[in-house]
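Survey of secondary and tertiary structure
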Amino acid sequence: MIDLSTFLKEMISLPGLSGYESPVREPIARTWQPLVDELSVSKLGSLHGLRRANVKGDHHSVLIATHMDAIGLMVAGLDDGLLRVMSIGGLDLRILVGQMVTVHGKRELPGILQMIPDRLQDKSKAGSPPGITDLFIDTGLPINEVSDLVKLGDLVSFATPPQEMSGGALAGHSLDNRASVAALTLCLEEIRKFNLAWDVWAVATTQEEETLVGARTSAYEIKPDIAVVVDVTFAKGPGVTDYHTFAAGKGPTIGVGSNMHPALGKYFKTLADEMDLPYAMEYMPKSSGTDAMAIQVSEEGIPCAVLGIPLRYMHTPLEMVVLKDIQRTGRLLARFITQLETDTMEKIFGERKA
Amino acid sequence: MNPKIKTNLELPTIDSSQISLLERLSNAVSVSGDEREVRQIVIDSVKPYSDDITVDAMGNVLVTCKSKSDHPIRVMLDAHMDEVGFMIVEDEGDGIYSFEMLGGVDQRQLPGKAVLVGKDHLAGIIGAKPIHLADTDELHAAIPQKSLRVDLGPGNAGKVNPGDMGTFATRFVQAGPSLMGKALDDRLGVATLIELIKRHPNQIELLASFSVQEELGLRGAKIAAVALHPDLAIAIDSTPAIDLPRPDQKENSVYNCKLDEGPAIYVADAGTISDPRLIRFLAQTAEKYAIPFQYRQPGGGGTNAGVIHKVLGGIPVVSVSIPGRYAHTPVLLARLADWENTLKLIYAALNDLTPAILAPDRN
Amino acid sequence: MKELIQKLCEISGPSGYENNIREAIKKEVTPYADSIEVDPLGNLMVRKGKKTEGGLRILISAHMDEIGVIVTHVEKTGFVRFGNLGAAFPWYLPASRVLFLNGTRGVINSEPREDNTKVSTIDQSYIDVGASSPEDCPVKIGDVGVFERPFMDMGTRVASKAMDNRSSCAVLIETLRQLKKSPHELVFLFSVQEEVGIRGAVTASYAIDPDLGIAVDVTSVGDTPSAKQMEVGLGKGAAIKIRDSGMLCDPRVVRWMRETAEKASIPHQMEILRQGSTDAYVIQTSRSGVPTGAISIPCRYVHSPSEVVDVKDLESSVQLLLKLIGGPVQLK
């Protein structure tokens, strides 16, 4: 039995920034190992876990994609003992000031992320948020030690430790998207005792926060018939209450919009209704902002569904998720997989021929 | 042995027990107006070494260490116990609370921080809106404090009340020669003062004030000075080291003070012109014992000396600060060596101090 | 090397119109190639060697197109309005000279500005080709041209238009020329349409289906007065890219390049570029993914008519490439 909180806390205590996912791939691989028939790593570092169908002859396959990479920073220069930075993934620079970080140099160094004080800055910039070149990291070490321990390209991750919150919530960095990796893991555990009619590819993708290149290349390699992408979505919270946001603790969202195949969305909705599982429909007309953007247009096209786990304070060092939502997402995925039949493709999409 | 040292006075050093005391002090929550936690640590630490301990009307801890000589000089040493933080002002339901800052914190330091709230130190988050939902105009302006909330998690609805205080949840760490933690302004001063009480020289009467509400306008020290009525006073505080490279690469001439250059002796700040006799005495003491020191750049800012020197008939004052980067943010950075040298300087000064210092007129 | 750079830089080859530069490169590489192919978009693919035991198919790419201008309208007065092919920065435009592919020459200027401290936009600029009406104007809508500026020798440093990316083309040619033995199947790609959004390398990588990719392109530097924060400097060696704003190089490839350069004592520096990207971006995303890295030639004043590179950096890049592809590859 996988303990969700323990596994998730382990994952969000590790770096695994976009392009450099191996630190987090390791515990995921270890956890998936007994749950899949085959485990492999793609050319660009995505983790592929295959549960083979228990049927003979031709059968379909489904890819479940959850990205495992995290946002963070990279050392872009050394200036008088201080470190200059460049962001990895979409960071709001305004939330970086005053954060404790870990600099992954020759050894791990604690660092303080700060901005040039107004006093040293051009007067017109007083009170303004920092630009990326106004930010620096102070490791508190002497210049010669810093230049010995840290070099260009070294990674910087948030040092925020996981924090259990009241109401079954967990806060920390990188819950985007390790929360979804955890949901997929719970699903793998739940389907373990079932015979499957389809091949199931569980994929922890790389570089979603940068170029989606992990999902794109894994989809090309696996060539599934359909794909389900699980990513975090915006939870309602202070200052964010509009239609983009969903109550935390009230179940996953099912995406509707141009990246998703409408029939697949409807199918998930029916499943959730049958299960009496709380959920919300999430309308994303132009773009889902997820791996589905890359998978959808892979080769001849792959129908995608997108499930969202509501997350507060996305892309900050303290994101917050309600664990129950992760469990529900895992159950919904498991239900989806276990009821797949040889003819489900036709049931969902109808006859392809016009 | 440095040839400059003409005395066999043994100067104090900082060891692991003082560092672990500083760690406890830094991690304690004592926001201006509710300094209970630090007060308790102070009282427990100084009790065996003091002749009298009083907690006054505002919560200042006043400690007296008597002298063995007749008519000793009565020296007040002050360090403030309070730190910047916030007060919960409204329960918005669902574990979400609005808050108001206590003490000068730049609002740019707030988003995305872990905080501790109330006497039970409930874990909270000052969350930030996802970048995905922010429009371009928003990204070019600082996130206003008014729009931020403290989130204690959905299960903590109603668990704290308006009026409860909180501050950053940063945990103290040592990094090579440096110390990193919240509230090092002025827990470094508090730890120094505790150490000075433990080894107070006998020829002076030591009057220590661990004061409250410094961050709200030097309030506690004012009444402490009246109650203690000293002959002279030294404020021990932390002052910003802005010794960082300028973005335009020009020489930084407004650094205030620098790390690694020892205790910063104040000549003048926004509130005080230090007593020249005390400045000279401290500088001479530093030279005598070969303790590095620096003069803080005259300019804005201030310490409790600003109120102490104006009470009663007037009190000669000087301030000595431990340099620290990133004051009033979630994490400050100071050097162990600067702290140790500050302790050494004030300890040596107290040992050499006699009423004669105030014999000449102030000039 | 200098002569080769000059020869390549002086040829006109704006994005989408690379035929002249392609022919010139073809001529240079023919004596050393096993086979040469031109794909439907005009990419030039030069193959050398076969995969032996433990060998890989390695793609080494340098784009051969350059930034330029395209005529959008000829005014009644004969002045030519134009748009850009690739990022022709407006602040470099005034008083630049243009050479159209049909041989027409012209000078760029702009409408008078209210405020001379502001840069004119490309819409406010025009090309004077000496015409006084559309009838006597030697260019028409859709004609393309490049910036014209003679090659200048400043010692080890040289200046020209199109150093981006003919300097890298020279590096590839020189590498091919000096290459003795390799366990790999090498494909030298001179790609098209990089400046308009990295297009040529997309189809070429798909066709080549490499095991490993290396892009060679120019990068900006941080060593000029008041330059934006950047660690790369001219003359400090081949720049091994860690990342740019478009992609993250494969950390295994970065490590391999760095260690190879260190071991062979080849002058090198590490590069992080805050703005811009290269063919490496699309090579990496090809098919089921390609471990990809990049070697950059430090270049001052990128996308100006006078781009400056240091020949020593080009030589270091050649040496590094030779070491990288001359022996077995162990990514770790």
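What counts, and at which threshold
Residues numbered from 1 in each chain as written. Chains lettered and ligands numbered in written order. Predicted model: local features only at pLDDT ≥ 70, side-chain atom pairs only at ≥ 80, totals over all residues. Heavy atoms only, no water. Helix = DSSP H or I, 4+ residues; strand = E, 2+ residues; numbered from the N terminus. Buried < 20%, exposed > 50% of the residue type's maximum accessible area, 1.4 Å probe, protein only. Contact = heavy atoms within 4.5 Å. Areas by Shrake-Rupley, 256 points an atom, 1.4 Å probe, with all protein chains shown as cover. Pairing = 2+ DSSP bridges. Domains from an automatic or database assignment. Buried area = accessible area lost by both parts, 1.4 Å probe. Expected span 1.5 Å × (residues − 1). Salt bridge = Lys/Arg side-chain N within 4 Å of Asp/Glu carboxyl O. Polar contact = N/O pair within 3.5 Å; in protein donor to acceptor, adjacent residues only side chain to side chain. Nonpolar A, V, L, I, M, F, W, Y, C, P; charged D, E, K, R; others polar. Axes fitted to C-alpha atoms, helices over the stretch in contact; angles between N-to-C directions. Parallel < 35°, antiparallel > 145°, perpendicular 65-115°, else oblique. Left-handed = near helix turned anticlockwise from the far one by under 90°.

Details of the overall build of chain A
In terms of regular secondary structure, chain A is built from nine helices and 18 strands. In terms of principal-axis extent, the alpha carbons of chain A reach across some 70 × 40 × 40 Å. For chain A, the residues scored as buried account for 66% of the 354 residues in total. A separation threshold of at least 6 residues defines the contact pool for chain A, and within that pool the share at least 24 residues apart is 76%. For chain A, the accessible area works out to roughly 12500 Å², and carbon and sulfur atoms hold 51% of it.

Brief notes about the sheet that holds strand 4 (residues 85-91) of chain B
Residue and element names in this part refer to chain B. Pairing is antiparallel in the closed barrel, where six strands are placed in the order 4-5-8-7-6-9. For strand 7 (residues 122-126) and strand 8 (residues 150-151), the ladder comprises two bridges, and the chain directions are antiparallel. Bridge pairing links Ile 126 to Val 150 in strand 8.

Considerations on the domain arrangement of chain B
All names here are of chain B. Taken domain by domain, chain B consists of domain 1 (16-83 + 182-358) and domain 2 (85-168). Contacts between the two partners involve 13 residues from domain 1 and, on the opposite side, 14 residues from domain 2. Summed over both sides, the interface of domain 1 with domain 2 buries roughly 1200 Å², with 68% coming from carbon and sulfur. Ranking the residues of domain 1 by area buried against domain 2 places Val 31, His 328 and Pro 330 at the top, with a combined share of 40%.

Focus: the arrangement of the chains
Out of two pairs of chains that touch, the pair holding the most contacts is chains A and B. A gap remains between chain B and chain C, which never touch, and the nearest two C-alpha atoms on either side lie 8 Å apart.

Observations concerning helix 6 (residues 262-275) of chain A
All names here are of chain A. Relative to the 20 Å expected for 14 residues at 1.5 Å per residue, helix 6 spans 20 Å between its end C-alpha atoms, a close match to the ideal helical length. Burial in helix 6 covers these residues: Ala 263, Leu 264, Gly 265, Phe 268, Leu 271, Ala 272 and Met 275. The positive-phi residue at the C-terminal boundary of helix 6 is Asp 276, with phi of around 60 degrees.

Things to note about the environment of Glu221(A)
Among the secondary structure elements, Glu221(A) is positioned in helix 5 (residues 213-222). The partly exposed category is assigned to Glu221(A), whose relative accessible area is 39%. Note: C-alpha distance between Glu221(A) and Thr205(A) (16 residues apart in sequence) is 13 Å. Ignoring any residue separated from it by four or fewer positions in sequence, one finds Glu221(A) in contact with Ser42(A), His48(A) and Ser288(C).

As for the domain arrangement of chain A
Residues and elements named next belong to chain A. Domain parsing of chain A yields domain 1 (4-70 + 173-349) and domain 2 (72-158). One C-alpha centre belongs to domain 1, the other to domain 2, and the line joining them spans 33 Å. With 11 residues of domain 1 at the contact, the number on the domain 2 side is 15 residues. Carbon and sulfur atoms supply 70% of the area that domain 1 and domain 2 bury against each other, a total of about 1000 Å² over both sides. A per-residue breakdown of the area domain 1 buries against domain 2 is headed by Leu 17, His 315 and Pro 317, which together make up 47% of the total. Scanning the region where domain 1 abuts domain 2 turns up zero salt bridges. Taken together, domain 1 and domain 2 are joined by three residue pairs in polar contact (both at pLDDT 80 or more). Here the side of domain 1 that touches domain 2 is built from residues that sort into five nonpolar, four polar and two charged.

Description of the interface of chain A and chain B
Taken together, the 55 residues of chain A in the interface contact 57 residues of chain B. Summed over both sides, the interface of chain A with chain B buries roughly 4500 Å², with 66% coming from carbon and sulfur. If you sort the residues of chain A by the area they bury against chain B, Arg94(A), Arg119(A) and Leu120(A) come out on top, with a joint share of 16%. In this assembly, chain A and chain B are joined by four salt bridges. Among the salt bridges present, the one from Asp94(B) reaches Arg312(A), with a minimum N-O distance of 3.5 Å. For the interface between chain A and chain B, the tally reads 19 residue pairs in polar contact (both at pLDDT 80 or more). For the side of chain A that touches chain B, the element with the highest residue contribution is strand 7 (residues 108-115) of chain A, accounting for five residues. Considering only residue class, the side of chain A that touches chain B consists of 27 nonpolar, 18 polar and 10 charged.

Some thoughts on the packing of helix 1 (residues 16-27) of chain B against helix 2 (residues 36-46) of chain B
Residues and elements named next belong to chain B. Interhelical geometry of helix 1 versus helix 2 gives an angle of 155 degrees and a closest axis separation of 9 Å. Considering the angle they form, helix 1 stands roughly antiparallel to helix 2. As helix 1 packs across helix 2, the resulting crossing turns out to be right-handed. Contacts between helix 1 and helix 2 involve Leu 21, Arg 24 and Leu 25 on the former and, on the latter, Val 38, Ile 41 and Ser 45. Looking at side-chain class alone, the contact of helix 1 with helix 2 contains four nonpolar, one polar and one charged residues.

Re the packing of helix 4 (residues 175-190) of chain A against helix 8 (residues 323-338) of chain A
Residues and elements named next belong to chain A. Between helix 4 and helix 8, the least distance of the axes is 8 Å, while the angle of their chain directions is 45 degrees. Between helix 4 and helix 8, the interaxial angle falls into the category oblique. Considering how the two elements wind past one another, helix 4 and helix 8 form a crossing that is right-handed. Of helix 8, the residues touching helix 4 (which contributes Ala 179, Ala 182, Ala 183, Leu 184, Leu 186, Cys 187 and Glu 190) are Ile 326, Gln 327, Thr 329, Gly 330, Arg 331, Leu 333, Ala 334 and Ile 337. In terms of residue class, the contact of helix 4 with helix 8 is made up of 10 nonpolar, three polar and two charged.

A closer look at unusual backbone geometry
A cis geometry characterises the amide bond from Asp176(A) onward to Asn177(A), with omega recorded as 15 degrees. Tracing the backbone through its elements, the reader meets Asn177(A) in helix 4. Residues Asp164(C) and Asn165(C) are joined by a peptide bond in cis, for which omega reads 20 degrees. Its place among the elements puts Asn165(C) in helix 3 (residues 163-178). You will see that Gln207(A), though not glycine, has its phi angle at about 55 degrees, which is positive. Position of Gln207(A) relative to the elements: it lies in the loop between strand 12 (199-205) and helix 5. The backbone of Asp276(A) shows a phi angle near 60 degrees, a positive value even though the residue is not glycine. Structurally, the position occupied by Asp276(A) is in the loop between helix 6 and strand 16 (280-283). Overall, Asp276(A) belongs to the exposed group, its relative accessible area being 70%.

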